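Observations on the three-dimensional arrangement
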Amino acid sequence: MLFLIVSFLAAFAVTLLMVKSSASHAHLSGDTDKDQPQKFHARVVPRIGGIGILVGVVCGGLIAVEKGSDDWQLLVALIGCSLVAFGAGLIEDFTKRVTPKQRLLATIAAAALAVWLADAIISRTGIPGVDSLLLVAGFPLALTLLAVAGVANSVNIIDGFNGLASMCVAIMLAALAYVAFQVGDYAIMNCALIGLGAVLGFFVLNYPLGLIFLGDGGAYFLGFWVAELGILLVHRNPEVSPVFPLLLCAYPIFETLFTMYRRRVIRGRPVGLPDATHLHSLIYRRLMRWAIGKRDAANLLRRNSMTSPYLWALCSMSVVPAVLWWDDGQSLSIWLLLFCVSYLAIYRAIVQFRTPRFLLRKADHWAVPVEEL
């Protein structure tokens, strides 16, 4: 727990410093483009929260090195590799000139480094037909690079509201730490706990007031971290089902795949063109009925913060069974199918204005301090 506490305190301190000094760097770090369809904030907010998370992970790593933790070299290698993905995202946060393709390529390069330095490669999938392809030279590497880049991008996709992506990642990291503990892989457990502490250190300043955003640097870093730990946990521990990390990340992965299908096949638009029809966007627009039409800062903040818990619950719908049946590939596959069906049913119900009444929220007594607005 020492690693978790140190990473939490370090991430919190650095993130708080960036919030307090935002007036001096908001012209560079601020999310000033509030008119895009996927934007739901009412003021300029720094989007460099990933810096605090990275510092938290590094500080936790330094304590692990000092304490002679199991396989601390693995932690150092992962941090070094993650800097490539994080760096591309952070440059985008400051310049707004790094394309999604360039960020994906940077994440692929980071994943390739992790294969070389940490032996983080997919060696089994539990998917009929795919495991036989892993015997083909180069296929495991290609699949690993695709998986890591896909998960990192998917975390960035769901980063739409205060606390949404960071809490989902925190839930996933807690699950990874638990399963790693169950199989006695304390190196992975420590890496997960360090990441968890850093995420929570950022979260308390991001939710509910949205004083700072995760940014592309933070999203790509967290996605890379979760993907690598999932791959390593399966690769190092034969008793862990390879379906476990897939179900663990089911929400962001399926959200991304469905977004690509919706944009390209249904609407005939480029998959990289932003829109406002993600599930989290629909929940914001159609379930937060109490504030429809109100555009003042206080109501925008309340709607924003009340949206994320719906998606935390959705994320937990895949994480909980993943934790309960982490060594049972058949059960995990069934739960994965149930999750995908449930996602589509929820999406369809909201689109068709058939949302169950108990999900519709009113906030007559909801109070959020707005002194910081």
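Numbering of residues begins from 1 in every chain and follows the order in which that chain's sequence is written. Per-residue local features of the predicted model are confined to residues with pLDDT of at least 70, and side-chain atom pairs are confined, for both listing and counting, to 80 or more; whole-chain, interface and lining totals are unaffected and use all residues. As a rule here, side-chain values come from all non-hydrogen atoms in the structure, and water together with hydrogens is ignored.

1. Considering the overall build of the chain
This is how the line gets drawn: Helix and strand assignments come from DSSP, with helices taken as H or I runs of at least 4 residues and strands as E runs of at least 2, each series counted from the N terminus. For every residue, the accessible area (1.4 Å probe, protein chains only) is compared with the maximum for its type, and the residue is labelled buried under 20%, exposed over 50%, or partly exposed between those bounds. Contact criterion: two residues are considered in contact whenever any of their non-hydrogen atoms come within 4.5 Å of each other. With residues, only the protein chains shown are counted as cover, and all accessible areas are computed by Shrake-Rupley using a 1.4 Å probe.
The number of helices and strands found in the chain is 15 helices and zero strands. Considering the chain as a whole, with its 373 residues, one finds that 54% of them fall into the buried category. In the chain, 76% of the contacts between residues at least 6 apart in sequence involve partners at least 24 apart. With the model as given, the accessible surface of the chain reaches about 16,200 Å², and the carbon-plus-sulfur share is 65%.

2. Examining the packing of helix 8 (residues 164–182) against helix 10 (residues 215–236)
Short version of the rule: Note on geometry: axes are lines fitted to C-alpha atoms, helical ones only across the stretch in contact, with angles between N-to-C directions running from 0 to 180 degrees. The scheme is simple: roughly parallel for angles under 35 degrees, roughly antiparallel for over 145, roughly perpendicular for 65 to 115, oblique for anything else. In this scheme the crossing of two helices becomes right-handed for a clockwise turn of the near helix relative to the far one and left-handed for an anticlockwise turn of less than a right angle. Each residue is assigned to one class: nonpolar for Ala, Val, Leu, Ile, Met, Phe, Trp, Tyr, Cys and Pro, charged for Asp, Glu, Lys and Arg, and polar for all the others, Gly among them.
Where helix 8 contacts helix 10, the axes come no closer than 11 Å and their chain directions differ by 20 degrees. It follows from the interaxial angle that helix 8 and helix 10 lie roughly parallel. As for how helix 8 packs across helix 10, the hand of that crossing is left-handed. For the pair helix 8 and helix 10, the contacting residues are Val169, Met172, Leu173, Leu176, Val179 and Ala180 in the first and Leu222, Trp225, Val226, Leu229, Gly230 and Leu233 in the second. A class-by-class count of the residues in the contact of helix 8 with helix 10 yields 11 nonpolar, one polar and no charged.

3. Considerations on the environment of Leu248
Within the fold, Leu248 resides in helix 11 (residues 243–248). Relative accessible area serves as the criterion here: at 1%, Leu248 is assigned to the buried category. For the pair Leu248 and Ser316, spaced 68 residues apart in sequence, the C-alpha to C-alpha distance is 8.7 Å.

4. Thoughts on the side chain of Thr125
Convention followed: Any pair of N or O atoms that falls within 3.5 Å is considered a polar contact. Within protein, one atom must be able to donate a hydrogen and the other to accept it, and sequence-neighbouring residues count only if both atoms are side-chain atoms.
Structurally, Thr125 is set in the loop between helix 5 (100–118) and helix 6 (130–133). What makes Thr125 buried here is its relative accessible area of 10%. Within the structure, the side chain of Thr125 is placed 3.1 Å from the backbone nitrogen of Ile127, a separation counted as a polar contact. Excluding anything up to four places from it in sequence, Thr125 contacts Val130, Asp131, Leu134, Leu143, Pro242 and Val243.

5. Here's the deal with the pattern of salt bridges
Heads up, the condition is: Salt bridges are identified by distance alone: a Lys or Arg side-chain nitrogen within 4 Å of an Asp or Glu carboxyl oxygen.
Under the counting rule described, the total for this entry stands at four salt bridges. Asp216 is the salt-bridge partner of Arg103, the closest N and O atoms lying 2.8 Å from each other. Of the two residues, Arg103 sits in helix 5 while Asp216 sits in helix 10, which places them 113 residues apart along the sequence. Taken individually, Arg103 and Asp216 each receive the classification buried, so the pair is uniform in this respect. The shortest N-O distance in the salt bridge between Arg236 and Asp185 comes to 2.9 Å. Note that Arg236 is positioned in helix 10 and Asp185 in the loop between helix 8 and helix 9 (186–206), a separation of 51 residues in sequence. Here the salt bridges share partners, and the residues they tie into one network are Arg47, Asp93, Arg103 and Asp216.

6. Details of a nonpolar patch on the surface
Let me state the cut-off plainly: What goes into a patch is any residue over 30% in relative accessible area without a salt bridge, connected to like charges within 9 Å or, for nonpolar side chains (Val, Leu, Ile, Met, Phe, Trp, Tyr), within 5 Å.
Side chains of Val320, Leu324, Trp325, Ile334, Trp335 and Leu338 sit close together on the surface and give an oily, nonpolar patch of about 550 Å² of accessible area. Residue assignment for the nonpolar patch shows that the elements contributing at least two residues are helix 14 (297–324) and helix 15 (329–351). Among the elements that line the nonpolar patch, the one with the most residues is helix 15, at three residues.

7. Observations concerning the nonpolar core
Definition in use: In this text, buried Ala, Val, Leu, Ile, Met, Phe, Trp, Tyr and Cys residues form a nonpolar core when linked through side-chain atoms within 4.5 Å.
Counting residues in each nonpolar core, the largest one holds 110 residues, and the members touching the most others are Leu173, Leu176, Trp225, Leu229, Leu233, Phe244 and Tyr251. In this view, Trp225 contacts Val57, Leu75, Leu78, Ile79, Leu173, Cys191 and Gly195; residues no more than four positions away in its chain are not counted.

8. A word on helix 1 (residues 2–20)
Where we set the bar: Helix span is expected to be 1.5 Å times the residue number reduced by one. Summarising the geometry, the arc corresponds to the directions from the helix axis toward the C-beta atoms.
If you check helix 1, its first and last C-alpha atoms are 27 Å apart, about what 19 residues at 1.5 Å a residue would give, namely 27 Å. Among the residues of helix 1, Phe3, Leu4, Ser7, Ala10, Ala11, Thr15, Met18 and Val19 are the ones counted as buried. Burial along helix 1 is one-sided: seen end-on, the buried residues are contained in an arc of 165 degrees. For helix 1, exposure combined with an orientation more than 90 degrees from the buried face picks out Leu17 and Lys20.

9. Quick look at the packing of aromatic side chains
How we decide: Pairing of aromatic side chains requires ring centres within 6.5 Å, counting the rings of Phe and Tyr and the six-membered ring of Trp. Pairs whose planes differ by under 30 degrees are stacked, by over 60 edge-to-face, and all others tilted. Over a ring means this: the NZ of a Lys or the CZ of an Arg is within 6 Å of the ring centre and within 35 degrees of the ring normal.
Using the criterion set out here, one finds 15 aromatic pairs in the structure. Centroid distance Phe221 to Trp225: 5.6 Å. Interplanar angle 25 degrees. Geometry classified as stacked. Highlighted residues: Phe221 and Trp225, both in helix 10, separated by four residues, approximately one helical turn. Judged by relative accessible area, Phe221 falls into the buried class, the value being 1%. Both rings, one in Phe258 and one in Tyr343, keep their centres 5.7 Å apart while their planes meet at 70 degrees; by these two values the pair is edge-to-face. Here the residue Phe258 occupies a position in helix 12 (residues 250–266), and Tyr343 occupies one in helix 15, the gap between them amounting to 85 residues. Members of the aromatic cluster, joined through ring pairs, are Phe254, Phe258, Tyr261, Tyr343 and Tyr347. For the cation-ring pair, Arg303 lies above Tyr284, with the distance from its terminal atom to the ring centre recorded as 4.3 Å.

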